[in-house]
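Spelled out, the chains give:
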Amino acid sequence: APVLSVPALDFAAGENIAVTGASGSGKSTFVNVVSGLEHVREGQVDWSGTDLARLAEHRRDRWRAAHVGLVMQDFHLFPGLSALENVLLPARLASAASAAVKRRARDLLAGTGLDRPEQPVETMSRGEMQRVAIARALVRAPGVVIADEPTASLDADSGQVIADLLIGLSGAAGATLIVVSHDPALISRLPRRITLDRGRISHDSKAAAI
Ligand SMILES: Nc1ncnc2c1ncn2[C@@H]1O[C@H](COP(=O)(O)OP(=O)(O)OP(=O)(O)O)[C@@H](O)[C@H]1O
């Protein structure tokens, strides 16, 4: 059986979605497929007319860098670089660190409540590291923000800050927000909930409401 089998699924622009499911249900595969990290064997992954299934890997990578902000459980920050440098690094690698992006990086960091953009990330708390990761995810104003267990390694207070920032900053940017999570406090704040079970969608609150 395929790891993931989804006959049809649509997201509205700007929608906020929680994806839940037991360990091994396919959540990571789902994240990898919708973000273009992993290729689908059959079907389409269509984002506003761009079908990721038809793009070669290097074009998928370029598309993802421009259109998807990723926030992972373990932050994926670069030690030795400051908060600001971490926020700007992916844009720099894509030759997209314009003056506007640099301004936006500072504004986003300030918006997360971090007041020392020059602080090396390895000296930060886990909650602060995740704020940097959120600022980085949003710096190129992506159409979609995808977070994989963004609060899993944080205490409840930090988790709430991260939920506020993810939802608030994605909403302000008009981005669609997809969050894979087991965290009831975070899930309860996302209006649409999708449950995966053995690679299939076993529940979709939107479909259920129709
Ligand atoms: N490339 C692959 N080839 C074969 N099996 C795979 C592959 N990728 C994932 N799987 C299997 O598919 C199932 C779903 O994996 P996936 O990592 O998406 O689950 P998950 O819901 O994210 O789990 P967890 O919450 O434990 O991380 C697992 O049983 C996994 O072993």
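Anything mentioned here points back to the structure above.
What counts and how
Residues numbered from 1 in each chain as written. Predicted model: local features only at pLDDT ≥ 70, side-chain atom pairs only at ≥ 80, totals over all residues. Axes fitted to C-alpha atoms, helices over the stretch in contact; angles between N-to-C directions. Helix = DSSP H or I, 4+ residues; strand = E, 2+ residues; numbered from the N terminus. Parallel < 35°, antiparallel > 145°, perpendicular 65-115°, else oblique. Left-handed = near helix turned anticlockwise from the far one by under 90°. Contact = placed C-beta atoms within 7 Å. Core = buried A, V, L, I, M, F, W, Y, C linked by C-beta atoms within 7 Å. Buried ≥ 20, exposed ≤ 12 C-beta atoms within 10 Å, placed from the backbone. Near = placed C-beta within 6 Å. Nonpolar A, V, L, I, M, F, W, Y, C, P; charged D, E, K, R; others polar. Arc of directions from axis to C-beta. Pairing = 2+ DSSP bridges.

**Some points on the packing of helix 3 (residues 83-93) against helix 4 (residues 99-111)**
Two quantities define a packed helix pair, namely the angle between the helix axes and the distance between the axes. Orientation of helix 3 relative to helix 4, taken along the N-to-C sense of each, is 135°, at an axis distance of 10 Å. When the interaxial angle is binned, helix 3 and helix 4 end up oblique. Every pair of crossing elements has a handedness; the one defined by helix 3 and helix 4 is right-handed. On the side of helix 3, the interface is formed by Ala83, Leu84, Val87, Leu88 and Ala91, while helix 4 contributes Val101, Lys102, Ala105, Arg106, Leu108 and Leu109.

**Concerning the nonpolar core**
Membership of the largest hydrophobic core comes to 52 residues, with the highest contact counts inside it found for Val87, Val145, Leu166 and Val179. In terms of residues, this core owes the most to one element, helix 5 (residues 126-138), which gives 7 residues. Once residues within four sequence positions are removed from consideration, Leu166 is found in contact with Val71, Ile134, Val145, Ala147, Pro150, Leu177 and Val179.

**Side note on the site of the ligand**
All residues adjacent to the ligand are Val3, Gly21, Ser23, Gly24, Ser25, Gly26, Lys27, Ser28 and Thr29. Examining the composition of the shell around the ligand, we find that 3 residues originate from one element, helix 1 (residues 27-34), more than from any other. For the shell around the ligand, the residue count by class is 1 nonpolar, 7 polar and 1 charged.

**A few points about helix 1**
Those residues of helix 1 not exposed but buried are Lys27, Phe30, Val31, Val33 and Val34. Seen along its axis, helix 1 keeps its buried residues to an arc of 165°; they face one direction. Turning to helix 1, the residues buried within the fold contact strand 1 (16-21), strand 5 (144-148), strand 6 (176-180) and strand 7 (192-197). Positive phi shows up at Gly36, right after helix 1, with a value of about 80°.

**Looking at the sheet that holds strand 5**
Strand order in the open sheet formed by 6 strands is 4-5-6-1-7-8, with mixed pairing between adjacent strands. Single-partner strands in this sheet number two, and they are strand 4 (68-72) and strand 8 (200-204). Between one strand and the next, the sheet's axes are offset by a mean angle of 20°, whatever the strand orientation. In terms of strand pairing, strand 7 meets strand 8 through 4 bridges, oriented antiparallel.

**Focus: the packing of helix 5 against helix 6 (residues 156-173)**
Where helix 5 contacts helix 6, the axes come no closer than 10 Å and their chain directions differ by 10°. One finds that helix 5 runs roughly parallel with respect to helix 6. Along the contact surface, helix 5 presents Arg126, Gly127, Gln130, Arg131, Ile134 and Leu138, while helix 6 presents Ser158, Val161, Ile162, Leu165, Leu166, Leu169 and Ala173. Tallied by class, residues from the contact of helix 5 with helix 6 come to 8 nonpolar, 3 polar and 2 charged.

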